[in-house]
Amino acid sequence: MAPLLPRRSAKQPADHVVTLIGKPDCHLCDDARAVVLGLADELGFSVEELNINEDKELFRRYWEQIPVTLIDGKQHDFWRVDPVRLRKALGA
């Protein structure tokens, strides 16, 4: 018997986009970038980086929290990137 509602398969890690919001000369941003890029190499997700110095709205919204990570446009974390937590949020 077929289910009444079709099941949607969960997204795979490679189906996500992780955005790293930071600024130059930020040691926490450098640490976060290393974690995000390392996991991206392993899991295959896309990474985009945004600089708060180049966008007034990003600066207004996140200046006290950088680095900030978003997954598919939704805030995931700030200040530090926990690789275990990020991996879990990506479904890996």
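What counts, and where the lines are drawn
Residues numbered from 1 in each chain as written. Predicted model: local features only at pLDDT ≥ 70, side-chain atom pairs only at ≥ 80, totals over all residues. Heavy atoms only, no water. Salt bridge = Lys/Arg side-chain N within 4 Å of Asp/Glu carboxyl O. Helix = DSSP H or I, 4+ residues; strand = E, 2+ residues; numbered from the N terminus. Buried < 20%, exposed > 50% of the residue type's maximum accessible area, 1.4 Å probe, protein only. Core = buried A, V, L, I, M, F, W, Y, C linked by side-chain atoms within 4.5 Å. Contact = heavy atoms within 4.5 Å.

(A) How the structure looks around the pattern of salt bridges. A full pass over the atoms with the stated rule returns 6 salt bridges. Between Glu49 and Arg33 there is a salt bridge; the shortest N-O distance is 2.8 Å. Of the two residues, Glu49 sits in strand 2 (residues 46-51) while Arg33 sits in helix 1 (residues 27-43), which places them 16 residues apart along the sequence. The partly exposed category is assigned to Arg33, whose relative accessible area is 25%. Salt bridges sharing common partners tie together Asp30, Arg33 and Glu49.

(B) Examining the nonpolar core more closely. Val18, Leu20, Ala32, Val36, Leu39, Ala40, Leu43, Phe45, Ile71, Val81, Leu86 and Leu90 form the largest nonpolar core, which has 12 residues in total. For this core, the secondary-structure elements that each account for two or more residues are strand 1 (17-22) and helix 1. Looking at this core element by element, the count peaks at 5 residues for helix 1. In contact with Val18, not counting residues within four places along its chain, are Val36, Phe45, Ser46, Val47, Glu48, Leu70, Ile71 and Leu90.

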